[in-house]
Amino acid sequence: MQNNSTVFVLDKNEQSREIIKSFVSDLEFINEIKLYEDYKKGYEDIKQASSPIVIMDISEELPELQEVAENLKLCTSKIIITSVNYSTNTIIRALRMGAKEFLPKPVLKDDLIRVLTMLASIAPEEENSQSKIITVYSNKGGIGKTTIAINLASELARVTKDKVALVDLNLQLGDISTFLNLNPPFDVNYVIQRLIDKEEQIFIKGFEKYKDTSLYILSDPSYIEQSGSITPQQITELFKALKKVFPYIVIDMSSSIDPLSLKILDASDWILFTTIVNIPAIRNAQRCLNLFHSRKYPPQKVKIIVNRYMENDEIKIEDIENTLGETVYWKIPNNYFTIMEAINKGVSIAEINPESNIGSSFRDFASKVSDDIIEQAVLQYRI
Ligand SMILES: Nc1ncnc2c1ncn2[C@@H]1O[C@H](COP(=O)(O)OP(=O)(O)OP(=O)(O)O)[C@@H](O)[C@H]1O
Ligand SMILES: [Mg+2]
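Values in this document were obtained by computation on a predicted structure and should not be read as measured data. (Residues numbered from 1 in each chain as written. Chains lettered and ligands numbered in written order. Predicted model: local features only at pLDDT ≥ 70, side-chain atom pairs only at ≥ 80, totals over all residues. Heavy atoms only, no water.)

As a further point, take the packing of helix α11 (residues 232-245) against helix α12 (residues 259-267). Their axes nearest at 9 Å, the elements α11 and α12 cross at an angle of 30°. Comparing their axes, α12 and α11 come out roughly parallel. Seen along the crossing, α11 lies across α12 with a hand that is right-handed. Taken together, the residues of α12 that come into contact with α11 (itself represented by P232, I235, T236 and F239) are P259, L260, K263, I264 and A267. Split by residue class, the contact of α11 with α12 holds seven nonpolar, one polar and one charged. (Axes fitted to C-alpha atoms, helices over the stretch in contact; angles between N-to-C directions. Helix = DSSP H or I, 4+ residues; strand = E, 2+ residues; numbered from the N terminus. Parallel < 35°, antiparallel > 145°, perpendicular 65-115°, else oblique. Left-handed = near helix turned anticlockwise from the far one by under 90°. Contact = heavy atoms within 4.5 Å. Nonpolar A, V, L, I, M, F, W, Y, C, P; charged D, E, K, R; others polar.)

Put into structure tokens, the structure is as follows:
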């Protein structure tokens, strides 16, 4: 339990603010309680605080609410949202705003103390249970894994405004830094070695922030001989460390099935298993899905993505679904020219042509991924 938390209450209603203050003031693990009618002013103070817990009310539709919520998410994960309205839609909205807990109004003292005790007991170095490792995989090369990982990650950052990590675990032949024209000062190998040395503050410095977005990139080692030294145990450590910092972690990896790849796949929350529409690729997919079944992956862990889809393909989505015995989660259209232009210019597809079929497909794909993750959280919440 941390004994130095400051609670910030952002609420338009004076009576509500005072009630919360009266509930909280005798808790010994709370250092101070600060009340704000002005949400922007509250955010300015929260930014400076070392261990803030935020209680924000969203009962009223305030013009500044969205902006404050987006900024808050980037400075604390300890957010409680309250509202007089407690429909499923309001809870979804609260979770999207980064709420760890939702409390209907009028807030009950016992509920508030339970939630505050829980939040105060989360040490900053503990992993975030809501954070998800999403790995783009195919057991065949050249199928579009890197293209999908980059554009999904950058759209997730744009759509959610959350911190998104994009990690290149294709340790010998990683392409992310080339596709995005990056010249990273550090790489995944450097970060992993520092993790083991417990120099955790170095961890975030290993990432390169992508322009003015909330996307952070960790590149593969520059020299092939450095890649062999990463062990499955180090992957576990890396994932744990990533989950402390990033709500979404997108992994690109090689198509091999070796002990390291299996470790990455086992430790992922979601696998976006990617195929294209042709018989050898689909047959290959079938073999890989059998492997996943034999490893007892839960059904919701593996999502099938069809890349380079064309409406006039002879093989239809239903044919793929019938052959694989699984539904297709998302299909990405074939658009060679837009993708090549993005790669040649070293940028994401949205920076080239967001309204192209493939630009809008990635935007909708990212929205679906974040919606489904939130929905899973709401289901747990409602149980
Ligand atoms: N939807 C698409 N439409 C058209 N071309 C695509 C599409 N997706 C990927 N490509 C092209 O396919 C090629 C391979 O893509 P990419 O490098 O992303 O695959 P990969 O699976 O990561 O390959 P590797 O196994 O070598 O890592 C690239 O030239 C890319 O431009
Ligand atoms: Mg690749």
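Moving on: helix α4 (residues 88-96). Looking only at α4, the buried set comprises T90, I91, A94 and L95. Seen end-on, α4 carries its buried residues on one side only, within an arc spanning 135°. Phi for G98, located one or two positions after α4, is positive at around 95°. (Buried < 20%, exposed > 50% of the residue type's maximum accessible area, 1.4 Å probe, protein only. Arc of directions from axis to C-beta.)

Here the focus is the pattern of salt bridges. Throughout the structure, instances matching the rule amount to 15 salt bridges. Here R158 makes a salt bridge to E155, at a shortest N to O gap of 3.0 Å. Of this pair, R158 and E155 both sit in helix α6 (residues 145-160), three residues apart, roughly one helical turn. (Salt bridge = Lys/Arg side-chain N within 4 Å of Asp/Glu carboxyl O.)

Direction vectors running N to C along helix α13 (residues 279-294) and helix α14 (residues 317-324) enclose 35°, while the axes themselves pass 10 Å from each other. For the pair α13 and α14, the crossing hand works out as right-handed. Note on element contacts: α14 touches α13 through I320, T323 and L324, opposite I282, A285, Q286 and L289. Residue composition of the contact of α13 with α14, grouped by class: five nonpolar, two polar and no charged.

For the structure on display, the rule yields 12 aromatic pairs. Measuring from centroid to centroid gives 5.7 Å for Y216 and F246, while their planes differ by 55°, and the two rings are tilted. Here the residue Y216 occupies a position in strand β9 (residues 215-218), and F246 occupies one in the loop between α11 and β10 (248-253), the gap between them amounting to 30 residues. Y216 sits in the buried class, given a relative accessible area of 15%. Grouped by ring-pair contacts, the aromatic residues Y137, F273, F292 and Y297 constitute a single cluster. If you follow K301 out to its NZ or CZ, it ends over the ring of Y297, 4.0 Å from the centre. (Phe/Tyr/Trp six-rings, centres within 6.5 Å; stacked < 30°, edge-to-face > 60°. Lys NZ or Arg CZ within 6 Å of the ring centre and 35° of its normal.)

Right, let's get into the site of ligand 1. Contacts to ligand 1 come from 20 residues, most closely from G142, K145, T146, T147 and N335. T146 places a side-chain nitrogen or oxygen 2.8 Å from an oxygen atom of ligand 1. In the environment of ligand 1, a nitrogen atom lies 2.9 Å from a nitrogen or oxygen atom belonging to the side chain of N307. The protein chains hide 84% of the 640 Å² of surface that ligand 1 would expose on its own. Elements supplying a minimum of two residues to the shell around ligand 1: α6, β12 (302-309), β13 (328-333) and α15 (336-345). Here the element with the most residues in the shell around ligand 1 is α15; it accounts for four residues. The residue makeup of the shell around ligand 1, split by class, is nine nonpolar, nine polar and two charged. (Near = heavy atom within 4 Å. Polar contact = N/O pair within 3.5 Å; in protein donor to acceptor, adjacent residues only side chain to side chain. Areas by Shrake-Rupley, 256 points an atom, 1.4 Å probe, with all protein chains shown as cover.)

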